[in-house]
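What the coordinates show
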Amino acid sequence: MRKDKKQVIGDEIGDEQIKLFLDFEPVDATSPSLHKLIKAYRGLRIDDFERFLGFFVAAGYDLDGKDEQGQTFVDQIKDQRNAAEYIELIDKARS
């Protein structure tokens, strides 16, 4: 990085940028809902993921979409280090 360029980490992203994660479509038999959740999980910070879930649910997507092996988003992330926070957000979005 050039010395005159300041590295920017953690800038707030807008709703429109978060909503872009609703546009991702799977290339296999994975449910579109699950695919969108995985992309958002990988690409967004926890606070932004929480905002994403509001848009996700409002758009009518399924929080329990499954992949070809019958696994949900929670099944896929439950062994990861920060999974508890994300699972809590999923549970909160269900109610």
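The name an unreviewed UniProt entry gives the protein is PA4642 family protein, with Pseudomonas hamedanensis as the organism.

In this structure, L37, L44, F49, F52, L53, F73 and I90 are the most contacted members of the largest nonpolar core, which totals 21 residues. Of all the secondary structure elements, the ones that give two or more residues to this core are helix 2 (32-43), helix 3 (46-58), helix 4 (73-77) and helix 5 (83-94). Element by element, the count of residues in this core is highest for helix 2, at five residues.

Inspection of every chain in the model, using the stated rule, returns eight salt bridges. Two residues, K19 and E16, come together in a salt bridge whose shortest N-O distance is 3.7 Å. Of this pair, K19 and E16 both sit in helix 1 (residues 15-19), three residues apart, which is roughly one turn of the helix. For the salt bridge of D91 with R94, the shortest nitrogen-to-oxygen distance reads 2.8 Å. Placement of both D91 and R94 in helix 5 is noted, with a separation of three residues, approximately one turn of the helix. The exposure class assigned to D91 is partly exposed, which follows from its relative accessible area of 41%. When its relative accessible area of 40% is taken as the criterion, R94 is described as partly exposed. One network of salt bridges, in which partners are shared, links D15, R45, D48 and R51.

Okay, the packing of aromatic side chains next. Evaluation of the coordinates by the stated rule reveals eight aromatic pairs. Arranged with centres 5.6 Å apart and planes meeting at 50°, the rings of F21 and F24 form a pair that is tilted. F21 sits in the buried class, given a relative accessible area of 14%. The exposure class of F24 is partly exposed, given its relative accessible area of 34%. Seen in terms of ring centroids, Y41 and F73 are 5.5 Å apart; in terms of plane orientation they differ by 80°. Their pairing is edge-to-face. Here the residue Y41 occupies a position in helix 2, and F73 occupies one in helix 4, the gap between them amounting to 32 residues. Overall, Y41 belongs to the buried group, its relative accessible area being 16%. For F73, a relative accessible area of 0% translates into the label buried. Of the aromatic side chains, those joined through ring pairs into one cluster are Y41, F49, F52, F56, Y61, F73 and Y86. The ring centre of F55 lies 4.9 Å from the NZ or CZ of K19, which sits over that ring. Positioned above the aromatic ring of F24, the side-chain terminus of K39 is 5.4 Å from the ring centre.

The rules behind each value
- Residues numbered from 1 in each chain as written.
- Predicted model: local features only at pLDDT ≥ 70, side-chain atom pairs only at ≥ 80, totals over all residues.
- Heavy atoms only, no water.
- Core = buried A, V, L, I, M, F, W, Y, C linked by side-chain atoms within 4.5 Å.
- Buried < 20%, exposed > 50% of the residue type's maximum accessible area, 1.4 Å probe, protein only.
- Helix = DSSP H or I, 4+ residues; strand = E, 2+ residues; numbered from the N terminus.
- Salt bridge = Lys/Arg side-chain N within 4 Å of Asp/Glu carboxyl O.
- Phe/Tyr/Trp six-rings, centres within 6.5 Å; stacked < 30°, edge-to-face > 60°.
- Lys NZ or Arg CZ within 6 Å of the ring centre and 35° of its normal.

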